[in-house]
Amino acid sequence: QVQLVESGGGLVQAGGSLRLSCAASGRTFSMSAMGWFRQAPGKEREYVAGIASGGSTYYTDPVKGRFTISRDNAENTVYLQMNSLKPEDTAVYYCAARSSFDVFARADQWDYWGQGTQVTVSS
């Protein structure tokens, strides 16, 4: 069983930055793909970024060049650095883990989820 706890959300003005953290329990963190999803009110949960166990990173087009996903296997933590934030980035951000080494963009391919952290970007 894996538990994920997100932190770092908040309110920021457009153009600002936030860094989200996700602390994971479990001995297999280094072998697990990790990802970030987000869900805005009235919308489906959408994929934001993923990092494979080997370190390869993947991003959805709207965040490429602005967001960076990284992981610290020694700390069992994955991060999402968000720069140049826009009002359309406003959502609840969820950390996710897969019991596999590779990344998928579909939410139903992920096995474990955190409780979510709110990110609000004001214009």
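Residues numbered from 1 in each chain as written. Predicted model: local features only at pLDDT ≥ 70, side-chain atom pairs only at ≥ 80, totals over all residues. Heavy atoms only, no water.

Student: Lay out the packing of aromatic side chains in plain terms, naming residues and giving numbers.
Tutor: Following the criterion strictly, the structure yields three aromatic pairs and no others. Ring geometry for Phe 37 and Trp 110: centres 5.7 Å apart, planes at 80°, overall edge-to-face. Of this pair, Phe 37 sits in strand S4 (residues 34-39) while Trp 110 is found in the loop between strand S9 (91-97) and strand S10 (112-113), placing the two residues 73 residues apart along the sequence. No difference in accessibility class separates Phe 37 from Trp 110, as the two residues are buried. An aromatic cluster is built from Phe 37, Tyr 47, Trp 110 and Trp 113, whose rings are joined through pairwise contacts. Looking at Arg 45, its charged tip hangs above the ring of Tyr 94, at a distance of 3.7 Å from the centre. Lying across the ring of Trp 113, Arg 45 places its NZ or CZ 4.7 Å from the centre. (Phe/Tyr/Trp six-rings, centres within 6.5 Å; stacked < 30°, edge-to-face > 60°. Helix = DSSP H or I, 4+ residues; strand = E, 2+ residues; numbered from the N terminus. Buried < 20%, exposed > 50% of the residue type's maximum accessible area, 1.4 Å probe, protein only. Lys NZ or Arg CZ within 6 Å of the ring centre and 35° of its normal.)

Student: For the state of the cysteines, give the residues involved together with the corresponding values.
Tutor: For the coordinates displayed, the defined rule picks out one disulfide. One disulfide bridge connects Cys 22 with Cys 95, the sulfur atoms lying 2.1 Å from each other. Here the disulfide of Cys 22 and Cys 95 is left-handed, its torsion about the S-S bond being about -80°. Of this pair, Cys 22 sits in strand S3 (residues 18-24) while Cys 95 sits in strand S9, placing them 73 residues apart in sequence. Assessed through its relative accessible area of 0%, Cys 22 is described here as buried. (Disulfide = S-S within 2.5 Å.)

Student: Any details on the sheet that holds strand S8 (residues 77-82)? Residues and values, ideally.
Tutor: With antiparallel pairing, the four strands of this open sheet are ordered in space as S1-S3-S8-S7. With partners counted over all chains shown, the strands left at the sheet margins are strand S1 (4-7) and strand S7 (67-72), one partner each. Taken over all neighbouring pairs, the strand axes of this sheet differ in orientation by 15° on average, direction set aside. Examined bridge by bridge, S1 and S3 share four bridges and lie antiparallel to one another. (Pairing = 2+ DSSP bridges. Axes fitted to C-alpha atoms, helices over the stretch in contact; angles between N-to-C directions.)

Student: An account of the environment of Gly 116 is needed here, citing residue identities and associated values.
Tutor: In this fold, Gly 116 is placed in the loop between S10 and strand S11 (117-122). On the basis of relative accessible area, Gly 116 is assigned to the buried category, the value being 16%. Setting aside anything within four residues of it in sequence, one finds Gly 116 in contact with Glu 6, Val 92, Tyr 93 and Tyr 94. (Contact = heavy atoms within 4.5 Å.)

Student: I'd like to hear about the side chain of Asp 89, residue by residue, with values.
Tutor: On the secondary structure map, Asp 89 appears in the loop between S8 and S9. Polar contacts involving the side chain of Asp 89 include one to the side chain of Arg 38, which spans 2.9 Å. Those residues in contact with Asp 89, other than ones at most four positions away along the chain, are Arg 38, Arg 66, Phe 67, Ser 84, Val 119 and Val 121. (Polar contact = N/O pair within 3.5 Å; in protein donor to acceptor, adjacent residues only side chain to side chain.)

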